[in-house]
Structure formats: C-alpha cells, structure tokens
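# Topology and contacts: notes
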Amino acid sequence: YALMVGIVMALVMRALFILVGAAAINRWSWVFYIFGAFLIYTAIKLFLEAINEDDDEEFQENKFIQFVKKHFPAVDDWEGGTKFVVKRNASKFITPMLLTVLALGSTDLLFALDSIPAIFGLTQEPYLVFTANVFALMGLRQLYFLIGGLLKKLVYLSIGLAVLLAFIGVKLILHALHENTLPFINGGEHVSVPEISTLFSLGAIVVILGVTTVAS
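Just so we're clear, the structure is a prediction, and the values are computed from it rather than from any experiment. (Residues numbered from 1 in each chain as written. Predicted model: local features only at pLDDT ≥ 70, side-chain atom pairs only at ≥ 80, totals over all residues. Heavy atoms only, no water.)

## A look at the overall build of the protein
Helix and strand counts for the protein stand at 8 helices and 2 strands. Moving toward the C terminus, one meets the helices and strands of the protein in the order α-α-α-β-β-α-α-α-α-α. Counting only C-alpha atoms, the protein reaches 70 × 40 × 30 Å along its principal axes. The buried share of the protein, reckoned over its 216 residues, is 33%. Considering only contacts within the protein whose residues lie at least 6 apart along the sequence, 68% involve residues at least 24 apart. When the accessible surface of the protein is totalled, it reaches about 13,900 Å², and 67% of it is carbon and sulfur. (Helix = DSSP H or I, 4+ residues; strand = E, 2+ residues; numbered from the N terminus. Buried < 20%, exposed > 50% of the residue type's maximum accessible area, 1.4 Å probe, protein only. Contact = heavy atoms within 4.5 Å. Areas by Shrake-Rupley, 256 points an atom, 1.4 Å probe, with all protein chains shown as cover.)

## Quick notes on the packing of helix α1 (residues 2–27) against helix α4 (residues 96–120)
Between α1 and α4, the least distance of the axes is 8 Å, while the angle of their chain directions is 35°. Handedness of the crossing formed by α1 with α4: right-handed. Per-class residue counts for the contact of α1 with α4 are 19 nonpolar, 5 polar and 2 charged. (Axes fitted to C-alpha atoms, helices over the stretch in contact; angles between N-to-C directions. Left-handed = near helix turned anticlockwise from the far one by under 90°. Nonpolar A, V, L, I, M, F, W, Y, C, P; charged D, E, K, R; others polar.)

## Focus on the side chain of His175
Tracing the backbone through its elements, the reader meets His175 in helix α7 (residues 157–178). What His175 contacts, discounting residues up to four positions off in sequence, is Phe32 and Glu195.

## Some details on the pairing of strand β2 (residues 91–94)
When strand β1 (residues 85–88) meets β2, the two strands line up antiparallel, connected through 4 bridges. By the bridge assignment, Arg88 is partnered in β2 with Ser91. Counted along the chain from β1 to the antiparallel partner β2, the turn is 2 residues long, and its residue Asn89 has a positive phi close to 55°. (Pairing = 2+ DSSP bridges.)

## Description of the packing of α7 against helix α8 (residues 198–215)
What describes two packed helices is the angle between their axes and the distance between those same axes. The N-to-C vectors of α7 and α8 enclose an angle of 165°; their axes lie 9 Å apart at closest approach. Relative to α8, α7 is oriented roughly antiparallel. Handedness of the α7/α8 crossing: right-handed. Together, Leu157, Gly160, Leu161, Val163, Leu164, Phe167 and Lys171 of α7 and Phe200, Ser201, Ala204, Ile205, Ile208, Leu209 and Thr212 of α8 make up the contact between the two elements. Class assignment for the residues of the contact of α7 with α8 results in 10 nonpolar, 3 polar and 1 charged. (Parallel < 35°, antiparallel > 145°, perpendicular 65-115°, else oblique.)

## Description of the environment of Leu177
Within the secondary structure layout, Leu177 lies in helix α7. Note: C-alpha distance between Leu177 and Pro194 (17 residues apart in sequence) is 9.5 Å. Apart from the residues within four sequence positions on either side, Leu177 is in contact with Tyr33, Ile185, His190, Val191 and Val193.

## Some thoughts on a nonpolar patch on the surface
A grouping of Met4, Val8, Val12, Leu16 and Met138 is seen on the molecular surface, where their side chains present a nonpolar patch of about 400 Å² in accessible area. Counting residues per element, the nonpolar patch draws most heavily on α1, which supplies 4 residues. As for its placement among the helices and strands, Val12 is situated in helix α1. Residue classification places Val12 among the partly exposed positions, given a relative accessible area of 48%. (Patch = residues over 30% accessible without salt bridge, like charges linked within 9 Å, V, L, I, M, F, W, Y side chains within 5 Å. Salt bridge = Lys/Arg side-chain N within 4 Å of Asp/Glu carboxyl O.)

## Quick notes on the side chain of Arg14
Assignment of secondary structure puts Arg14 in helix α1. On the basis of relative accessibility, which here comes to 8%, the residue Arg14 falls in the buried class. The residues contacting Arg14, other than those within four sequence positions of it, are Asp108, Phe111, Ala112, Ser115, Ile116, Asn133 and Leu137.

## As for the confidence of the model for the protein
Mean pLDDT over the protein stands at 80; residues scoring 70 or higher make up 90%. When pLDDT is averaged over each helix and strand of the protein, the minimum, 71, is found for helix α6 (residues 144–153) and the maximum, 89, for α8. (pLDDT = per-residue confidence, 0-100.)

## Thoughts on the nonpolar core
In terms of nonpolar packing, the biggest core is built from 30 residues, with Ile25, Phe35, Leu39, Phe120, Ile168 and Leu172 touching the most fellow members. Among the secondary structure elements, those contributing two or more residues to this core are α1, α2 (31–51), α4, α7 and α8. Sorting elements by how many residues they give to this core places α7 first, with 8 residues. Among residues more than four places away in sequence, those in contact with Phe35 are Ile25, Pro117, Phe120 and Leu172. Judged by nonpolar contacts, the second largest core, of 5 residues, contains Ile65, Val68, Ile94 and Leu98. (Core = buried A, V, L, I, M, F, W, Y, C linked by side-chain atoms within 4.5 Å.)

Rendered as structure tokens:
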C-alpha cells in the first residue's frame, strides 16, 4: 500500500517538474546550463560518496521526517494498519504508515531533481519524458523485491551512475553553448561546439551500465 501511494505521489510530483522544466527550456535556453551544472555536481557528489562508502554507517532519517516527528505526535506501533492518523485518549497521532509515505515522497522529490534534468538531456518532448517516468515507476512496483536484491550485487552501480550523470551534464552544457544567448558568453552568440547526438547518448548509457554490471 505504501509503495503504491509513494508511486502515485512520485508521478504527480514528476508531472509538475516536467511541466515546469519543459516550459523553462522552451523559454530560456540558458536553463540547460543550470541543468548541466547540477548534474555534474550531483555526479561528483555521488562518486565521492561511492568511493568513501562506509558499510558500518548507521541509518539516519532524512531531515523532513525528523521535522515531522518533532512537531507532530506520533505512535510507534502499526495497530492503525493503513490509517494515517489514529485517535488515542482524545488525542490524534500520526502513524508509521504516514511517516513511511512521507519518507517515500520526500526521497522521490530528491531523485526527481536529478532524473528530470537527466532525461531532458535525451529528449525535450514532455510527453516522452513523462511516459518514460511512468514506465520506470510502474516497473519498479512490479520488480521492487527483485531489484532490491540485485542492488546489493551491483557494488559499482553508484560509480556507474555518477559517470552517466556527468556525461549527460556535459551533453547539456554543450547544447546550452550551441544555443547560447547569454551576453557574457561569446557576446551572446552561439558557440561552435560539437553536440552529442541522441543515438550516441543511448549507446553511452548502454555501455556505461553494461560495464558497471560486468565489473560488479
């Protein structure tokens, strides 16, 4: 139940992100600079986390869940089942189910900040971007437990994803330079730089993920 609610929340949030992103890139080509720089920053951060990963690191709740627990009374047991709020002694308490759904939603919000700019690096068609997200998320629901087991074996996945994000980030910046309108870059004129084709990008994705899988 929590997984299904989380997926619905993810679809709604991603739809909003895609609409805003599509409107932004259609109006301002320099938005690709921001998308590209953000993906490269995320790639560096992910790579550093991967090589410095500590297997003994204790689990920590994200800041949003800590804030909710601090400001709203909550119960620790699951007697409420799928209810989000239970009433005890004339007082209302939020349940672990609500905290689980909020954790899924807030986590997906962070992932959307990476994945939406990344997929805009392959296509600027909002319909294709949203459809790809729908297929990915609904597939995740069906393959959740299988994927969970595989992730433990793909020990180099984080490094592979870091390389992939950096590649798409560079692609977006090259595209931004090609479409440049910023006056402080080349006098507001387009910069003659090579652009990475969609076919080459798809090939690079397959190679990067393939090498990551084989190496793991």
